[in-house]
Amino acid sequence: MAKKGTAEAKLRVERVQTGVRMEKRLVKVLKGLAEVLDMTLGDLLEGIVLHAFEGKAPFGAKSLRSIEQLKDVYGLDLDAGSSHRLVEAAAPTEPVAGTAPGFEARRIDCEGSFLLDLEPDRAFPLFTPLGEMGWVEGWDPDFLHPSSGELEVDQVFVTGGGGATTLWTVVDQDPDRRRAAYLRVTPGSRLGRVAVQVDGEGLGSRISVRYVLTGLSPEGNAELEAFEASYGAMLDQWRIAIERYLAA
């Protein structure tokens, strides 16, 4: 499956919202995989379907390993033999997210880094909301303020993918020191802080990324468990995507 940052020309299409219902654990695995591959859920599903239409396998060995890890996290024991045999159970009445008796919010603190063969002053702009539009497939922020999308403290923008909307605001930015930090919240799921620091190392740059996230519901806690398990793979996907983008 083609991933973000590929050199192929972009194809402009018209997308529509769909209200299909799917098995809950399967959706969680798909969302987790989309996070690992740094793409929207919709983009992932489009890729799977287009490959299937041509009788092609959509995933390589590395993605399949990520899928197996996510299946273990979410307890997904269905396989191809389960297709067309699933019957929806009556939906239980659930309390409002985050208010269930005994709910305990999960907190994760993930840090990691990777190297780019690029000068720090050229690397830092790649990790701004505007810069990521060049190499993150499906990254299309709605800039509320300023509408130009230029990085500044208190900038506000919205992203959405797979039916999940995330609100962002810039809480720190210093181009001279090549650092930026964001507060992000996905309502009813998770909230936290994302920080990026670009430092020179040799003739290139070391990109340090930290996510501190807190679950807002049991489902949000599960999302964070999967995110934490796939964090290293996600950063590796970032590096690959940026290298492809720079080589294009």
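Analysis parameters
Residues numbered from 1 in each chain as written. Predicted model: local features only at pLDDT ≥ 70, side-chain atom pairs only at ≥ 80, totals over all residues. Heavy atoms only, no water. pLDDT = per-residue confidence, 0-100. Contact = heavy atoms within 4.5 Å. Helix = DSSP H or I, 4+ residues; strand = E, 2+ residues; numbered from the N terminus. Phe/Tyr/Trp six-rings, centres within 6.5 Å; stacked < 30°, edge-to-face > 60°. Buried < 20%, exposed > 50% of the residue type's maximum accessible area, 1.4 Å probe, protein only. Core = buried A, V, L, I, M, F, W, Y, C linked by side-chain atoms within 4.5 Å. 1 Å grid on protein atoms, 1.4 Å probe; cavity = no way out; pocket = protein on both sides within 12 Å on 5 of 7 lines; lining within 4 Å. Points joined across faces, edges and corners; volume = space filled by probe spheres on them. Nonpolar A, V, L, I, M, F, W, Y, C, P; charged D, E, K, R; others polar.

### What to know about the confidence of the model for the chain
With 90% of its residues at a pLDDT of 70 or more, the chain has an overall mean of 87. In this model residues 2-7 is a low-confidence stretch, pLDDT under 50, and it forms 21 contacts with partners more than four residues away in sequence or in other chains. Taken together, the stretch residues 91-96 has pLDDT below 50 and engages in two contacts with residues farther than four places along the chain or on a different chain.

### Notes on the environment of Arg-184
Along the polypeptide, Arg-184 turns up in strand E5 (residues 179-186). Residues Arg-184 and Leu-213, 29 residues apart in the sequence, show an inter-C-alpha distance of 8.9 Å. Residues in contact with Arg-184, not counting those within four places in the same chain, are Thr-166, Leu-167, Trp-168, Arg-190, Leu-191, Gly-192, Val-194, Tyr-211 and Leu-213.

### A look at the packing of aromatic side chains
Scanning the entire structure with this criterion turns up 13 aromatic pairs. An angle of 85 degrees between the planes, with centres 6.1 Å apart, marks the rings of Trp-168 and Tyr-182 as edge-to-face. Of the two residues, Trp-168 sits in strand E4 (residues 164-174) while Tyr-182 sits in strand E5, which places them 14 residues apart along the sequence. Tyr-182 carries the same exposure label as Trp-168, and that label is buried. Each ring, one from Tyr-211 and one from Tyr-231, has its centre 5.9 Å from the other, and the planes form 75 degrees; the classification is edge-to-face. One end of the pair, Tyr-211, is in strand E7 (residues 204-215); the other, Tyr-231, is in helix H6 (residues 231-247), with 20 residues separating them in the sequence. For Tyr-231, a relative accessible area of 5% translates into the label buried. Taken together, the ring pairs connect Trp-139, Phe-143, Phe-157, Trp-168 and Tyr-182 into an aromatic cluster.

### Notes on the environment of Thr-169
Assignment of secondary structure puts Thr-169 in strand E4. Residues Thr-169 and Val-156, 13 residues apart in the sequence, show an inter-C-alpha distance of 4.5 Å. If we ignore the near neighbours within four places in the chain, the residues touching Thr-169 are Asp-154, Gln-155, Val-156, Ala-181, Tyr-182 and Leu-183.

### Describing the nonpolar core
Ranked by size, the top nonpolar core spans 34 residues in total, and within it Phe-114, Phe-127, Trp-135, Ile-207, Tyr-211, Tyr-231 and Trp-238 carry the most contacts. Taken together, the elements giving at least two residues each to this core come down to strand E1 (107-116), E4, E5, strand E6 (190-201), E7, helix H5 (218-229) and H6. A total of six residues in this core trace back to one element, the largest contributor, which is H6. Not counting residues up to four positions away in its chain, the partners in contact with Ile-207 are Gly-112, Ser-113, Phe-114, Leu-116, Ala-123, Phe-127, Val-196, Gln-197 and Val-198.

### Quick look at the layout of surface pockets
Computed from the structure, the second largest pocket encloses a volume of approximately 900 Å³. Forming the boundary of the second largest pocket are 42 residues, of which Glu-35, Trp-139, Thr-159, Thr-166 and Arg-184 lie nearest the centre. Residue assignment for the lining of the second largest pocket shows that the elements contributing at least two residues are helix H1 (24-37), strand E3 (156-161), E4, E5, E6, H5 and H6. At five residues, E3 tops the list of elements feeding residues into the lining of the second largest pocket. Per-class residue counts for the lining of the second largest pocket are 19 nonpolar, 12 polar and 11 charged.

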